[in-house]
Protein chains: 6
Amino acid sequence: MLFLTRRATFSASHYYWNDAWSAEKNGQVFGRCANRNGHGHNYTIEVTVAGEADPVTGFVVDLKWLKDVMEREVLAAWDHRHLNLEAPEFASATLNPTTENLAIAAWKRLEPSVAAAGGARLSRVRIYETPEIFAEYRGEP
Amino acid sequence: MLFLTRRATFSASHYYWNDAWSAEKNGQVFGRCANRNGHGHNYTIEVTVAGEADPVTGFVVDLKWLKDVMEREVLAAWDHRHLNLEAPEFASATLNPTTENLAIAAWKRLEPSVAAAGGARLSRVRIYETPEIFAEYRGEP
Amino acid sequence: MLFLTRRATFSASHYYWNDAWSAEKNGQVFGRCANRNGHGHNYTIEVTVAGEADPVTGFVVDLKWLKDVMEREVLAAWDHRHLNLEAPEFASATLNPTTENLAIAAWKRLEPSVAAAGGARLSRVRIYETPEIFAEYRGEP
Amino acid sequence: MLFLTRRATFSASHYYWNDAWSAEKNGQVFGRCANRNGHGHNYTIEVTVAGEADPVTGFVVDLKWLKDVMEREVLAAWDHRHLNLEAPEFASATLNPTTENLAIAAWKRLEPSVAAAGGARLSRVRIYETPEIFAEYRGEP
Amino acid sequence: MLFLTRRATFSASHYYWNDAWSAEKNGQVFGRCANRNGHGHNYTIEVTVAGEADPVTGFVVDLKWLKDVMEREVLAAWDHRHLNLEAPEFASATLNPTTENLAIAAWKRLEPSVAAAGGARLSRVRIYETPEIFAEYRGEP
Amino acid sequence: MLFLTRRATFSASHYYWNDAWSAEKNGQVFGRCANRNGHGHNYTIEVTVAGEADPVTGFVVDLKWLKDVMEREVLAAWDHRHLNLEAPEFASATLNPTTENLAIAAWKRLEPSVAAAGGARLSRVRIYETPEIFAEYRGEP
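Owing to the predicted nature of the structure, the values given are computational and were not obtained by experimental measurement. (Residues numbered from 1 in each chain as written. Chains lettered and ligands numbered in written order. Predicted model: local features only at pLDDT ≥ 70, side-chain atom pairs only at ≥ 80, totals over all residues. Heavy atoms only, no water.)

A. Representation of the overall build of chain A within the structure. Scanning chain A from terminus to terminus reveals five helices and five strands. In sequence order, chain A lays out its α and β elements as β-α-β-α-β-α-α-α-β-β. Along the longest, intermediate and shortest principal axes, the C-alpha atoms of chain A span 60 × 30 × 30 Å. The buried share of chain A, reckoned over its 141 residues, is 63%. Partitioning the contacts of chain A with sequence separation of at least 6, the portion at a separation of at least 24 is 68%. (Helix = DSSP H or I, 4+ residues; strand = E, 2+ residues; numbered from the N terminus. Buried < 20%, exposed > 50% of the residue type's maximum accessible area, 1.4 Å probe, protein only. Contact = heavy atoms within 4.5 Å.)

Structure follows, in C-alpha cells:
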C-alpha cells in the first residue's frame, strides 16, 4: 500500500460564533476569533490517497488530476472567500469553520471524485490553519 | 554596524477596493481580492534595527523589548482584525491594505518607539502576505 | 475521528552520558553529544489529540486550553533549561534526554491533563530535535 | 512503541516514459515530465524506524548509524544521478522513477540493513519530490 | 522606496562541464556535478522590484502581472528542462548553468519587461538552488 | 556584482551573564537566559561572498571550498559546544554570546580565509538563533 499526498494553499476569512449565545459568552468561548468582522489565514490542505502504483505509469493517481480535483472541489469554493458567508457548508448551517470542521468538509468535497475515479481511495485530509495548528480527518471506519 | 531582526505573525482579513470605480472595474483591477466579504492571511512581520552591540549586554536592543513594541504597536491593532474595517490607517482613509502599504504603515507605527529608545534606529520592515509575496520598506532617505 | 495538533517550541541544553562507562566509551558511543558542557537545540513539540468535534463550538479541544496545558506541563519545565540538570525526569534518574525519551516524558506530562478534561484523548506526541530528526510516541496499546 | 525519523536530501534527475507508447501518447499522459532530456528535484527522504528505547543509551537506533545506512544504501546510488539512466532499479527495468516507486525502492534498499541490525524495524519511508508532493510506503502487511 | 518581492519555483536539470578540460580535470573541479547525465533541483526564483506604491491601488506593481512576466520570461524556458541542453543562454554558449549564472540570466530575461512597464525598476533577482545555497544579482551600477 | 550565499547549521549552548552584576540584576536584564546551566539552539549561519562569476567555471567561489571554510573556521569551534565555556572568543573574554556577537565573531573567523583566497570578498554574515531572531554583520565600512 502506497500513500500519495499533494498540498495546496488557500487564503480565506472566518470567525467563530454561536447565535444561541450572548455576545459576551461568544467572547468568553471564542476570544479574538469572535470578532465578526472576520480575520483570515493562509490555509494549507494536504490530501492523501492510498492505493497501488500502476505498473505502467508508476502512479497511484495522476497528480495533475488530483490537483484539478482539489482546485475544483475545494479551492474554487474556499479560496479568497469568507468561509462563514460564502462557503455553502458554513453559510447555510450553524457550523463554525474551525480547522476540524474544514477537514471534514474537505473530505466530503473530495471523496466522491476520488471514489468515482477508481483505483485509489481517499485516505486522509489535513488542514493547516497556521504552521502551528492542523486538523486531520480519515473518514469513518 | 549590526542589523538585528525579529519576526512575528498575525492573522487578518482584507480586500482591495476603490470607491471611485464601478464594481466591474474593481473586479478587473483587483480580481478575487475585490471580494468585499474579505479573505485573509497569516502575515509575517520582520522588523530590523541597526546599531552597535552594547559592550556589557551584547545587545543591539533587548529582543524582549522589541517583541513588546511589535505587539503593542502593530499586533494589538492588526492581529485577528479586518484591516479595511478596523485598522485605523485603512478604515479612515482611502488606502488599500496591500502588502506594500502594510510595510509603510508598520514602519510608521514602530519608528517613534525605536527612535525614543535611543541607541538603535529602525532599519527595515518587511511584511510577508504569504511565503511567496513580501514587501519591504526602509524609510525615507 | 478527528486528530487535532498544536505545535510549540522550546530551547534547551542536553548531553548524553552513562556513568557506568569510561569517558572513552562514552565518547565512542555518544560522539560529540558526550561533551558534558552540553549543547542545545530549538526543539519543536507537536501534540495531537483525537476526538469528535463539539457540535456547538466545532472544537475537538479548545486550542487555547491545549496551548496552556503544553506550556504548564512541558515548556515551564524544559524551556531555557539544561535537561540533564534541571528536568526532573532526567536529573533524578539515569535516563538520557534523547529525542525518544523526551517524547515519552512529554506524553507522561500531558496525558493526565488531557484525560482529566474528558472528550478527547491524547493520540500522539512528536518531538523534533532538529528539522531532520524527530521521535514520536503514541502511548501503550 | 517509539517511532524515530531521520531526514536527508538528494538532488537527482528523472523523466517519465513508456517505450510501448508513441511520443504523442507519452506527452498526453506524462505532460512536461515526458521531456527525455530530464528535469530534476531536491528530493527529501524521511526514514522512520519503530522500536523501544534502549534503557542505557535512550536510543531506538543510533542516529549516526541510521544516517550512514541512508547514505550508503540510498544517497550513494541516487544523489547527483539521473535516476532513469543510473539508478539500477530504474535503469534496468521498465519502471518510471515516480515518487511512489522511489518510496518502494528506498524501502527495499533500507529494510535489510535495519532488519540485520536487530532491535528496531523499518516502519515507513517517505519521499518528497517537492514540498507539495510526497509518497509514503510502509511495507507489506 | 518600497521593495516588492515575488517567489516562484521551477524544477530543472543541469551539470557543470568545460569542453577545454579533460574528463579528469572536470571531475576534479566540478566533483559530482560533472556527471553529464545531469542531476536536478527544485529551484526558487525571488524577483524584487523597487518603486512607489500607486496611491489608488496601493501596488508597486500588480503581482498578477509580475507572476505572468516570471512565467513567460523564465519558467516557460527553464521549468522541467535540462538547462545545459534546452535553456538558450546555456545551450548556445560555453556557460555553466551555475546558480550565479542563472541569477544573471534571469535578470536579463526579466529586466526589459519590468522597464517597459514603467513605474518600477528591477532591483534584485535571487535564485535558490537548494534551501542552503543561493545567488543574488542586482544589475550593473 | 554577484552575491553568493551558503547556509549551515550548528547546535550549541549558551547563557547571558555579567560578573559585575548581582544574580538579581542578571535575572532582571537577561531573564531566563541568565540560567547558568545554559540552554541551547539550532543556529543557522548564512555566509555571503561578493564577486564576479569566473568565466570558465561560472563560480564566484567554489561552494565546496566555502563549506569547508565554514566547517573549519566556525563549526569546528562552535558546533556541539557550550559557547560561554568552550568558544575562545567568549570563554576568554567578558563577552556574551548573543546573536549579535556571534555574527561579528563569525565574520572575524571567516574573513581572513575569504580574503586570502582572492577573487571574492566576504559581504555578510547572518546568524539565526531561531527562525524568528537573526543578526547580520557586514564588516566595517
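There's more to say after this.
B. Seen up close, the arrangement of the chains. The closest approach of any C-alpha atom in chain B to one in chain D is 13 Å; the two make no contact. Structurally, chain C and chain E remain out of contact, their C-alpha atoms never closer than 13 Å.

C. Examining the interface of chain B and chain A more closely. Each partner contributes residues to the interface: chain B has 20 residues there, and chain A has 20 residues. Both faces combined, the contact of chain B with chain A buries some 1,600 Å², and carbon together with sulfur accounts for 43% of it. Joining chain B to chain A, the criterion identifies two salt bridges. B:Arg32 serves as the salt-bridge partner of A:Asp79, at 2.6 Å between the closest nitrogen and oxygen. For the pair chain B and chain A, the interface holds 21 residue pairs in polar contact (both at pLDDT 80 or more). Listing elements by their share of the side of chain B that touches chain A, those giving two or more residues are β1 (2-14), β2 (39-51), β3 (81-82), α3 (83-86) and β4 (121-130) of chain B. Ranked by residues supplied to the side of chain B that touches chain A, first place goes to β2(B) with four residues. (Buried area = accessible area lost by both parts, 1.4 Å probe. Salt bridge = Lys/Arg side-chain N within 4 Å of Asp/Glu carboxyl O. Polar contact = N/O pair within 3.5 Å; in protein donor to acceptor, adjacent residues only side chain to side chain.)

D. Up close: the relation of the copies chain B and chain A. In the superposition of chain B on chain A (RMSD 0.0 Å, axial shift 0.0 Å), the rotation amounts to 180 degrees. Taken together, the rotation and translation describe the operation of a two-fold axis. Comparing contact sets, 100% of the residues at the interface of chain B also lie at the interface in chain A, consistent with an isologous, same-surface contact. (Least-squares fit on C-alpha atoms with pLDDT ≥ 70 in both.)

E. Just the pairing of strand β2 (residues 39-51) of chain F, in detail. Residue and element names in this part refer to chain F. By the criterion of burial, β2 is predominantly enclosed, with 13 of the 13 residues buried. Of the two faces of β2, the one holding His39, His41, Tyr43, Ile45, Val47, Val49 and Gly51 and the one holding Gly40, Asn42, Thr44, Glu46, Thr48 and Ala50 are both buried throughout. The pairing of β2 with strand β4 (residues 121-130) spans seven bridges and is classified as antiparallel. Note on β4: the bridge partner recorded for threonine 44 is tyrosine 128. (Pairing = 2+ DSSP bridges.)

F. Broad picture of the relation of the copies chain F and chain E. Mapping chain F onto chain E leaves a residual RMSD of 0.0 Å; the transformation is a rotation of 120 degrees accompanied by 0.0 Å of translation along its axis. On the angle and the small slide along the axis, the relation comes out as a three-fold axis. Distance from the rotation axis, computed per C-alpha, reaches its smallest value in chain F at F:Pro131: 7.9 Å.

G. Representation of the side chain of E:Thr130 in the model. One can find E:Thr130 in strand β4 (residues 121-130). In this structure, E:Thr130 is in contact with D:Asn42 and E:His41, ignoring residues within four places of it in sequence.

H. Here's a closer look at the pattern of salt bridges. In this structure the tally under the stated criterion is 57 salt bridges over all chains. Linking A:Arg126 and A:Glu136 is a salt bridge whose minimum nitrogen-to-oxygen distance equals 2.8 Å. Separated by 10 residues along the polypeptide, A:Arg126 in strand β4 (residues 121-130) and A:Glu136 in strand β5 (residues 133-137) bring together distant segments of the chain. In this structure, A:Arg126 and A:Glu136 share a single accessibility class: buried. Look at the salt bridges and you will find they share partners, linking B:Arg7, B:Glu46, B:Arg124, B:Arg126, B:Glu136 and B:Arg138 into a network.

I. The interface of chain F and chain E, seen in detail. Taken together, the contact between chain F and chain E spans 19 residues of the former and 22 residues of the latter. Carbon and sulfur atoms make up 56% of the area that chain F and chain E hide from each other, which totals about 1,600 Å². Looking only at chain F, the three residues that lose the most surface to chain E are F:Leu2, F:Phe3 and F:Arg7, adding up to 32% of its buried area. Our count for the chain F to chain E interface comes out at seven residue pairs in polar contact (both at pLDDT 80 or more). Top contributing element to the side of chain F that touches chain E by residue count: strand β1 (residues 2-14) of chain F, with six residues. Partitioned by chemical class, the residues of the side of chain F that touches chain E number 11 nonpolar, three polar and five charged. Bridging between strand β5 (residues 133-137) of chain E and β1(F) involves five bridges; their strand directions are antiparallel. Looking at the pairing, E:Tyr137 lines up with F:Leu2 of β1(F). (Nonpolar A, V, L, I, M, F, W, Y, C, P; charged D, E, K, R; others polar.)

J. Highlighting the pairing of β4(F). In terms of residue burial, β4(F) counts as a mostly covered element, since nine of its 10 residues are buried. Between β4(F) and strand β5 (residues 133-137) of chain F, which pair antiparallel in sequence order, lie two residues.

K. Molecular detail of the packing of aromatic side chains. Tallied over the entire structure, the rule returns 54 aromatic pairs over all chains. Where B:Phe59 meets F:Tyr16, the ring centres are 5.7 Å apart and the plane angle is 70 degrees; that geometry is what we call edge-to-face. Remark: F:Tyr16 occurs in the loop between β1 and α1 (23-30) and B:Phe59 occurs in the loop between β2 and α2 (63-78); the pair is interchain, linking two chains. Where B:Trp78 meets B:Phe90, the ring centres are 6.4 Å apart and the plane angle is 50 degrees; that geometry is what we call tilted. Residue B:Trp78 is located in helix α2, and its partner B:Phe90 is located in helix α4 (residues 88-91); the two are separated by 12 residues in the primary sequence. The burial state of B:Trp78 is the same as that of B:Phe90; both residues are buried. (Phe/Tyr/Trp six-rings, centres within 6.5 Å; stacked < 30°, edge-to-face > 60°.)

L. Fine view of unusual backbone geometry. Residues and elements named next belong to chain B. Its identity as a non-glycine residue notwithstanding, histidine 80 has a phi of 60 degrees, on the positive side. For histidine 80, the position within the fold is in the loop between α2 and β3. The class of histidine 80 is buried, set by a relative accessible area of 11%.

M. The environment of F:Lys67, seen in detail. Residue and element names in this part refer to chain F. Turning to its location among the elements, lysine 67 is positioned in helix α2 (residues 63-78). Judged by its relative accessible area of 36%, lysine 67 is partly exposed. Remark: the alpha-carbon pair of lysine 67 and arginine 121, spanning 54 residues in sequence, is separated by 15 Å.

N. Layout of the confidence of the model for chain A. Of the residues in chain A, 100% have a pLDDT of 70 or more, and the chain-wide mean is 97. Here the prediction assigns the complex a pTM of 0.97, and the interface score ipTM is 0.96. (pLDDT = per-residue confidence, 0-100.)

O. Structural context of the packing of helix α2 (residues 63-78) of chain C against helix α5 (residues 99-117) of chain C. All names here are of chain C. Put simply, α2 and α5 touch, their axes get as near as 10 Å, and they point 140 degrees apart. By the angle between their axes, α2 is oblique relative to α5. At the point where α2 passes α5, the crossing takes the right-handed sense. The segment α2 lies against α5, with Trp65, Val69, Met70, Arg72, Glu73, Val74, Ala77 and Trp78 engaging Leu102, Ala105, Ala106, Arg109, Leu110, Ser113, Val114 and Ala117. (Axes fitted to C-alpha atoms, helices over the stretch in contact; angles between N-to-C directions. Parallel < 35°, antiparallel > 145°, perpendicular 65-115°, else oblique. Left-handed = near helix turned anticlockwise from the far one by under 90°.)

P. Structural view of the environment of E:Thr5. Structurally, E:Thr5 is set in strand β1 (residues 2-14). Here E:Thr5 falls in the buried class, since its relative accessible area comes to 2%. In this structure the C-alpha to C-alpha distance between E:Thr5 and E:Val49, which are 44 residues apart in sequence, comes to 6.5 Å. Not counting residues up to four positions away in its chain, the partners in contact with E:Thr5 are B:Glu132, B:Ile133, B:Phe134, E:Glu46, E:Val47 and E:Thr48. Reaching out from E:Thr5, the side chain makes a polar contact with the side chain of E:Thr48 at a distance of 2.8 Å.

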